[in-house]
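Topology and contacts: notes
The lines below spell out each chain.
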Amino acid sequence: MDPNQKYDPKLFERASRPEEDSSEVHDTGLTFWRDAWIQFRRNKAALLGLIVIGLIIFLAIFGPYFNSYGSDEQNMSRSNLPPKVPLLEKVSWLGMDGTDSRGVDQYEVKGIDENFWFGTDELGRDLWTRVWEGSRISLYIAFLAAGIDLIIGVIYGSVSAYYGGRVDNVMQRILEVLMGIPELILVILLIMLLQPGILSITLAMIITGWVGMARIVRGQVLKLKNQEFVLASRALGAKDNRLLMKHLIPNTMGPIIITTMFTVPVAIFTEAFLSFIGLGLQPPIASLGTLVNDGFKLLRIYPHLMVISSVVISLIMISFNIVGDGLRDALDPRMKR
Amino acid sequence: MKRYVISRIIFMLITLLIIISFTFFLMQTLPGSPFNDEQLSEFQREQMNERYGLNEPVPKQYLNYLTNLVKGDLGVSFQYDGRPVTGIIKERIGTSAVLGIQSLIFGTIIGLALGIIGALYHNTTIDYASIIIAVIGLSIPNFVFAGLLQYWVGVKLEWLPVAFWRGFEYTILPTIALSMFVIATVARYIRTEMIEVLSEDYMLTAKSKGLSRFTMIWRHGVRNSMIPIITIMGPLVVSLVTGTLIVEKIFSIPGLGDQFVDSILTNDYPVIMGVTIFYSALFIFVVFVVDLLYGVLDPRIRLSGGDK
């Protein structure tokens, strides 16, 4: 035994050394997006909203092919049929049993064997097909408008904030004037000029729609542009372009996504609003807005026309709002509880 | 402060001028003329154009319009045989104002109640219920809500009149339909604000002073949460204005919104322009007042170019 050693080394046991363990990575770290997804998943309402949106998009794409009726296939012998769905017809309060508001089974009266899941309109067109094709057009307009708003808003906002000074000043003054104009009024005026159509409605919404996005992006970039990581990148020789595209805009993604989520229901509402005041899409094209409007005219006699399209449009708007709220909670670190 | 107000007013005027010019030239380029009637002879058409000053060169018409506008004259309607547009607006605005203000008051009260209750019972079933009501109120388009309300309460249950404007009971359904958005927006806003305020130190002070729960919440909580509410007045007014277009049409109310929609469908350009300018001026004015009030009510907000 070593005389310098008082105790037998065998008595000692090595404690675990944290330094050693920490050199190995046992778990992949939480990225921002993974963390956001975990936060989002916890929000049951938002998750449900996401599922509803998925379902509606699926039906808007494939729904019209579930039966063989065309959206513009008129047949007066089967006009104004109430909805009838094979299994749901047993649930009387749902109103899916083919009886109209007076309690008469219209399918029996007219001698029709087929089932129209959402019923038919006054020209005998199948409402199931029309509702989903209408949703397709409404969603198409909304996504297109939201997408272009995003592109213009992000470019305008980031350029304005990044270059600052006089550029920012001029760009902000332009924004202020645009913001001073009530949006819907401008949209109405533009539609009168351009004549209603899918592209003109989208365009009219974009003219004012991008302003909100530009302001949010500008605010974020202003906050970020003086931070150290931007300085570091600049010191390494990064050009303005790279700084904007690789550092500033990706770090603004959270607010950008949230704003886009809220743009979609606004666009759907605007399109429907235009239909309602008589500036909407012209037949044979139908959107959810024109369907609600058509249904409204016959509401007292055939409520199913308006009720079904209203439910679909409301579901879309509620879902997008809930998902937007959920995303805001998940992506905004200040909202963590 | 004075500098700020003056620069804001100049800016408001510029914005308004841009809107006026924009609508004017838009109306010039619009397809179709109000005198498209085939029964009119060439001579009659010329006479009509002369009477309404449409034969002058466009820049001259523009200057005429601007000078008349300053004098408070918005031209005459094409549809109603030469009735002045200002007269039409004056006649119709009262009804819309009653409807709008009633909805604003009703919506704010219900929204406040909903938001405060939600905040006090934060993260309980009551809170979730108030959030759900707010999200639904925000999401369901007002024409859907107004249409269904008219159908269920007016037609099916026959509790309230279905349409027209002949007394208080006629105003109830349109007011509810119009205030849904107000309720939802106010409730969401006040709830978030109130949750924050409730955790402030001064609430603890109030409690330790021995104030009753009601006084504490009312005097310190609600009052402090109210300030930011003013910022949403701008969007609320816009929603009320566009809401009246829909609600007045659905309930056949003779207001300005109903008139506006009518004029759009009949190409009555002077009325469309007049009402557009009126709505824009209203909106710009509200935003301005809101900004000023905000600075007055909350001394922490420094208006840019503040006084010394």
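The structure displayed is predicted, hence computed values, not measured ones. (Residues numbered from 1 in each chain as written. Chains lettered and ligands numbered in written order. Predicted model: local features only at pLDDT ≥ 70, side-chain atom pairs only at ≥ 80, totals over all residues. Heavy atoms only, no water.)

Some thoughts on the overall build of chain B
A tally of regular secondary structure across chain B gives 12 helices and 0 strands. Judged by the C-alpha coordinates and their principal axes, chain B covers about 85 × 65 × 30 Å. The long-range fraction of contacts in chain B, counting pairs at least 24 apart against all pairs at least 6 apart in sequence, stands at 74%. Summed over all atoms, the accessible surface of chain B reaches about 15,900 Å², with 64% contributed by carbon and sulfur. Counting 23 positive and 23 negative side-chain charges, chain B places the centres of these two groups 12 Å from one another. (Helix = DSSP H or I, 4+ residues; strand = E, 2+ residues; numbered from the N terminus. Contact = heavy atoms within 4.5 Å. Areas by Shrake-Rupley, 256 points an atom, 1.4 Å probe, with all protein chains shown as cover. Lys, Arg positive; Asp, Glu negative; His and termini not counted. Charge placed at Lys NZ, Arg CZ, Asp CG, Glu CD.)

A word on the pattern of salt bridges
In this structure the tally under the stated criterion is 6 salt bridges over all chains. With its nearest N and O atoms 2.8 Å apart, the salt bridge here joins A:R218 to A:D168. In this pair, A:R218 is assigned in helix α8 (residues 198-224) and A:D168 in helix α6 (residues 165-179), connecting sequence segments 50 residues apart. Given the relative accessible area of 11%, A:D168 is considered buried. The structure contains a network of salt bridges with shared partners spanning A:D325, A:R328 and B:R188. (Salt bridge = Lys/Arg side-chain N within 4 Å of Asp/Glu carboxyl O. Buried < 20%, exposed > 50% of the residue type's maximum accessible area, 1.4 Å probe, protein only.)

With respect to the nonpolar core
If you look at the biggest cluster of nonpolar residues, it comprises 130 residues, and the most contacted ones within it are A:V131, A:I188, B:F143 and B:F260. Counting residues per element, this core draws most heavily on helix α13 (residues 303-331) of chain A, at 12 residues. Once residues lying within four places of it in the same chain are set aside, the contact partners of A:I188 are A:F273, A:L274, A:I277, A:L279, B:L245, B:F260 and B:I264. A:M213, A:V217, A:A238 and A:L244 belong to the second-largest nonpolar core, a separate cluster that totals 14 residues. (Core = buried A, V, L, I, M, F, W, Y, C linked by side-chain atoms within 4.5 Å.)

Thoughts on helix α5 (residues 125-139) of chain B
Helix length check: α5(B), at 15 residues, gives a terminal C-alpha distance of 21 Å against a target of 21 Å (1.5 Å per residue), a fit within 8%. Listing the buried residues of α5(B) in full gives B:D127, B:S130, B:A134, B:V135, B:G137 and B:S139. Considering only its buried residues, α5(B) is in contact with α13 of chain A together with α4 (85-120) and α7 (168-198) of chain B. (Expected span 1.5 Å × (residues − 1).)

What about the packing of aromatic side chains?
With the rule as written, the count across this model stands at 18 aromatic pairs over all chains. With a centroid separation of 5.3 Å and an interplanar angle of 55°, the aromatic rings of B:F24 and B:Y62 are classed as tilted. Residue B:F24 is found in helix α1 (residues 2-29), and its partner B:Y62 is found in helix α3 (residues 58-70); the two are separated by 38 residues along the sequence. For B:F24, a relative accessible area of 4% puts it in the buried group. Judged by its relative accessible area of 15%, B:Y62 falls in the buried class. The rings of A:F269, A:F273, A:F276, A:F296 and B:F143 are connected pair by pair, giving a single aromatic cluster. (Phe/Tyr/Trp six-rings, centres within 6.5 Å; stacked < 30°, edge-to-face > 60°.)

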